[in-house]
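Survey of secondary and tertiary structure
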Number of protein chains: 2
Amino acid sequence: MTRLVKGQQNKEVLIEREPIDIESFKKMIRQMGLKVTKQRVHILEAMSSGRAHITAQELFEKLNKNHPEIGFATVYRFLKNMTEHSLVTEVRMGGFPARYELTPNQHHDHLNCTQCGKIVEFENESIEELQLAVAKKFNFKLTGHVLELYGQCDQCNSKGSDT
Amino acid sequence: MTRLVKGQQNKEVLIEREPIDIESFKKMIRQMGLKVTKQRVHILEAMSSGRAHITAQELFEKLNKNHPEIGFATVYRFLKNMTEHSLVTEVRMGGFPARYELTPNQHHDHLNCTQCGKIVEFENESIEELQLAVAKKFNFKLTGHVLELYGQCDQCNSKGSDT
DNA sequence: TTCTAAATGATAATGATTTTCATTGACATT
DNA sequence: AATGTCAATGAAAATCATTATCATTTAGAA
């Protein structure tokens, strides 16, 4: 556990953690034209492990345990940055906080449970094709889309519906 | 050179909507089990005319011109109420304020031109069916969806393509 | 007309996210 | 290795959409 004593020139002591590919994280950051900072590397590390769809707050709290020197503004800023560079994909549901995931190489859409927040990823080639057809029909050059399905998952459904 | 004239953005191509009279507004309100107030009637009037996809703020401002006695809390409250009763459909995208429209008898999705802001409404039964199939596959009870297509419309396309 | 719960408007509160700004730090260049 | 510069950071304040609070008003039943 890294403990940083306040008021002291604290050198970051790296805890020995899984040998995640730190070099490729750095490469990603450089590709965005940004400077490599330990905060950014830590953020990428945190995102590449654990729950896939995480909120900025959750990510901040997760980081805060081992790296309390990282402010939430930095987390938000970097997430936004990565989203703009398509390295991260932002999923927004209803009025809930946005969730982020490292952009998967394979495209997918989301099925969201409005009750417990569970997110299921799916991919449907037929839907993709139909979207292209629609765009073509209206003479649009399709550049992107958002498809989010909302509903209640199996568990929430069977749990009855009070509250 | 594409030139974006400000007043020209966000034009909409509308699917035809039937005009609604005050009596049916009152009927709608009673159907929800709510009291008929002049505020609510005015809100419905404002929604049934003009731009189809409006934010709560825009709606409030529009109403404010002729009915400055209507507070925005009332607008928000009633919109939420109507949304819960499915009389109004809420469209949320990105981190932008939610947009509302009187629930169209004919369901539709949107095709957005990212260059001039034009919105084309479309409806595709096959896509709807596939969505239901996806939900069923994962044992979700589908309650709603957001399908937004993004691209460049015919005009913007032929107009050349720099920003 | 009277009564009462529902509705309203003004305002404060909330929660997520963004901005500000003084300080720190990355990194290209000596 | 030391330096200079400007991007990056953290803390705090600000913002923005939305919701809650609460004293007052009003719809509509009695």
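Residues numbered from 1 in each chain as written. Chains lettered and ligands numbered in written order. Predicted model: local features only at pLDDT ≥ 70, side-chain atom pairs only at ≥ 80, totals over all residues. Heavy atoms only, no water.

What to know about the overall build of chain A
- On a plain count of helices and strands, chain A comes out with six helices and six strands.
- Traced from its N-terminal end to its C-terminal end, chain A shows the element sequence α-α-β-α-α-β-β-β-β-α-β-α.
- Considering only intrachain contacts with a sequence separation of at least 6, the fraction spanning at least 24 residues in chain A is 48%.
- Accessible surface for chain A amounts to roughly 10200 Å². Of this, 50% is attributable to carbon and sulfur atoms. (Helix = DSSP H or I, 4+ residues; strand = E, 2+ residues; numbered from the N terminus. Contact = heavy atoms within 4.5 Å. Areas by Shrake-Rupley, 256 points an atom, 1.4 Å probe, with all protein chains shown as cover.)

Here we look at the sheet that holds strand β2 (residues 88-91) of chain A
- The sheet built from three strands is open, its strands ordered β1-β3-β2 (chain A) with antiparallel pairing. The open sheet has two free edges, formed respectively by β1 (54-55) and β2 of chain A, since each of these has just one partner strand. (Pairing = 2+ DSSP bridges.)

Some details on the relation of the copies chain B and chain A
- Mapping chain B onto chain A is achieved by rotating through 179° and translating by 0.4 Å along the same axis, at an RMSD of 1.9 Å. Taken together, these values place the two copies in the relation of a two-fold axis.
- Interface residue correspondence from chain B to chain A reaches 100%, placing this contact among same-surface, isologous pairings. (Least-squares fit on C-alpha atoms with pLDDT ≥ 70 in both.)

Observations regarding the protein's contact with DNA strand D
- Taken together, 22 residues sit near DNA strand D, with T37(A), E69(A), T74(A), R77(A) and V36(B) positioned nearest.
- Sugar plus phosphate, as a fraction of atoms of DNA strand D within 4 Å of the protein: 69%.
- Within the side chain of R77(A), an N or O atom sits 2.8 Å from a base nitrogen of DNA strand D.
- In this structure, A98(B) approaches DNA strand D through a main-chain N or O atom, which is 3.2 Å from a phosphate oxygen.
- Within the residue set of the surface near DNA strand D, elements represented by two or more residues are α2 (38-48) and α4 (72-84) of chain A together with α4 (72-84) of chain B.
- The element that contributes the greatest number of residues to the surface near DNA strand D is α4(B), accounting for five residues.
- Of the residues that constitute the surface near DNA strand D, the class distribution is nine nonpolar, five polar and eight charged. (Near = heavy atom within 4 Å. Polar contact = N/O pair within 3.5 Å; in protein donor to acceptor, adjacent residues only side chain to side chain. Nonpolar A, V, L, I, M, F, W, Y, C, P; charged D, E, K, R; others polar.)

Side note on the confidence of the model for chain A
- Considering every residue of chain A, the mean pLDDT works out to 81; 84% of them sit at 70 or more.
- Every residue in residues 1-19 of chain A scores below 50 in pLDDT, and together they form 14 contacts with partners more than four places removed in sequence or on other chains. (pLDDT = per-residue confidence, 0-100.)

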